[in-house]
Amino acid sequence: MTDNGHVLAFMAHPDDIEILCAGTLIHLRRKGYTIHLATMTAGDGGSAELSGPDIARVRLQEARASAALLDASYHCAGEKDFLICHQPAVIQRVVEIVRICQPFLVFTHSPSDYMLDHEVTSQLVRNACFCAGAPNMLTDALPAAAPLAGIPYLYYAAPVENKDIWGHAVPCDIAIDTSDVMALKETMLKCHASQREWLLKHHGIDEFVESTRRWSAEIGNPRGVAYAEGFRQHLGHAYPQDDKLSEILSGKGLRDAQER
Ligand SMILES: [Zn+2]
């Protein structure tokens, strides 16, 4: 699909995007791209004290505040934490959001991650990228957004903690140096105050920010920089085959240490 200036990050919960790919989105924003953020849920499971609807209201505000820092639109698919699943209505909702955003480049979760909400979201977004251009894929939305002009570039972020459920490190083919945008990435993260406070209380340290730094350093340090975000590109049949992300962010792309 040709570069139309629109980029979408579509993940499961509010704060996933900030943790896994906000640095790269900041670079793209500074290059002039329009950024769209979408989450499957409003994060209704993310509190030990507030009810689902109450914490969801708080977290939607947090997600919107974070999106505003990128001048990004924010969309929520309205699903519930721990209940994201493959159902026709859910598939249609994800396709509709992708069509509303009209991205030529999409980020989502790793197909292999620590929890099923992330893995199912990865599959739903992958499916939407494939079929959002098909006019006969109807979503029942009124009015319905126009089909995409083609299949967008699809990039999977590194899984949380950069490992799969067996504890094995998941290698990334593409790494983007985020060292010089960590301050804004962390400001976006801190918009998710309800989650940060929960971890602060539980761990006694600012684990929300610290863990994100640690995981970014794990990708960046072997490549000679302080922090980086890792990705793998979907290169299956019919998807765009060139690495547009690295081309756009030339100078920020990093090779593996052993390749240098
Ligand atoms: Zn999540």
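Coordinates for the structure precede this section.
Residues numbered from 1 in each chain as written. Predicted model: local features only at pLDDT ≥ 70, side-chain atom pairs only at ≥ 80, totals over all residues. Heavy atoms only, no water.

Looking now at the packing of helix α2 (residues 52–68) against helix α6 (residues 193–203). For the pair α2 and α6, interaxial distance at closest approach is 8 Å and the crossing angle is 115°. By the criterion of interaxial angle, the relationship of α2 to α6 is roughly perpendicular. Taking contact as the criterion, the partners of I55, V58, R59 and E62 in α2 are, on α6, A193, S194 and Q195. Taken together, the residues of the contact of α2 with α6 break down into three nonpolar, two polar and two charged. (Axes fitted to C-alpha atoms, helices over the stretch in contact; angles between N-to-C directions. Helix = DSSP H or I, 4+ residues; strand = E, 2+ residues; numbered from the N terminus. Parallel < 35°, antiparallel > 145°, perpendicular 65-115°, else oblique. Contact = heavy atoms within 4.5 Å. Nonpolar A, V, L, I, M, F, W, Y, C, P; charged D, E, K, R; others polar.)

Turning to the sheet that holds strand β6 (residues 174–177), a few remarks are in order. One open sheet holds the eight strands; their spatial order is β3-β2-β1-β4-β5-β7-β6-β8, and the pairing between them is mixed. Single-partner strands in this sheet number two, and they are β3 (73–79) and β8 (253–254). As paired elements, strand β5 (residues 153–157) and strand β7 (residues 228–233) share three bridges and run antiparallel to each other. Following the sheet pairing, Y155 is matched in β7 by Q233. Strand contacts of helix α3 (residues 88–101): β1 (6–11), β2 (34–41) and β3, with the helix running at about 175° to β3, the strand carrying the most contacts. Against the sheet, helix α7 (residues 207–220) contacts β6 and β7, and its axis sits at roughly 65° relative to β7. (Pairing = 2+ DSSP bridges.)

On to the coordination of the zinc ion, then. Bound to the zinc ion are the protein donor atoms H13 (ND1), D16 (OD), D16 (OD) and H118 (NE2), situated 2.1 to 2.3 Å from the metal. Along the chain, the residues donating to the zinc ion fall in the pattern H-x2-D-x101-H. Accessibility classification places H13 together with D16 in one group, the buried group. (Donors = N, O, S within 2.8 Å, 3.2 Å for Na, K, Ca; no water. Buried < 20%, exposed > 50% of the residue type's maximum accessible area, 1.4 Å probe, protein only.)

Now for the nonpolar core. Core analysis: the largest hydrophobic core is formed by 40 residues, its most contacted members being L25 and F107. In this structure, F107 is in contact with V7, L8, A9, F10, C21, T24, L25, L28, Y155, F231 and L245, ignoring residues within four places of it in sequence. Counting residues in each nonpolar core, the second largest holds 27 residues, with C101, L124, C131 and Y156 among its members. (Core = buried A, V, L, I, M, F, W, Y, C linked by side-chain atoms within 4.5 Å.)

The next subject is the pattern of salt bridges. Inspection of every chain in the model, using the stated rule, returns 13 salt bridges. For the salt bridge of E49 with K201, the shortest nitrogen-to-oxygen distance reads 3.2 Å. Of this pair, E49 sits in the loop between β2 and α2 while K201 sits in helix α6, and the two are 152 residues apart along the sequence. K201 matches E49 in its accessibility class, with the two residues each being exposed. Here K244 ties to E247 by a salt bridge, and the two come within 3.5 Å at their closest N and O atoms. Of this pair, K244 and E247 both sit in helix α8 (residues 244–248), three residues apart, which is roughly one turn of that helix. (Salt bridge = Lys/Arg side-chain N within 4 Å of Asp/Glu carboxyl O.)

With that settled, consider the side chain of S66. Its location among the elements puts S66 in helix α2. Owing to a relative accessible area of 0%, S66 belongs among the buried residues under this scheme.

Before going further, it helps to examine the packing of aromatic side chains. Counted by the stated rule, this structure contains five aromatic pairs. Measuring from ring centre to ring centre gives 6.2 Å for F104 and Y153, while their planes differ by 80°; the resulting arrangement is edge-to-face. Residue F104 is found in the loop between α3 and β4 (105–108), and its partner Y153 is found in strand β5; the two are separated by 49 residues along the sequence. Y153 matches F104 in its accessibility class, with the two residues each being buried. Each ring, one from F107 and one from F231, has its centre 5.2 Å from the other, and the planes form 45°; the classification is tilted. Taken together, the positions of F107 in strand β4 and F231 in strand β7 put the pair 124 residues apart, joining distant regions of the chain. (Phe/Tyr/Trp six-rings, centres within 6.5 Å; stacked < 30°, edge-to-face > 60°.)

Right, let's talk about α3 for a bit. Its 14 residues place the ends of α3 20 Å apart at the C-alpha level, agreeing with the 20 Å of an ideal helix rising 1.5 Å per residue. Along α3, the positions that sit buried rather than exposed are V90, Q92, V94, V95, E96, I97, V98, R99 and C101. One or two steps after α3, the chain reaches Q102, where phi turns positive at roughly 50°. (Expected span 1.5 Å × (residues − 1).)

Take α7 next. Taking 1.5 Å of rise per residue, the 14 residues of α7 would be expected to cover 20 Å, and the 19 Å separating its terminal C-alpha atoms lies within 8% of that figure. Counting buried positions over the 14 residues of α7 gives 10, a clear majority of the element. The complete set of buried residues in α7 reads E207, F208, V209, S211, T212, W215, S216, A217, I219 and G220. Buried residues in α7 make contact with α1 (16–30), β6, α5 (182–190), α6 and β7.

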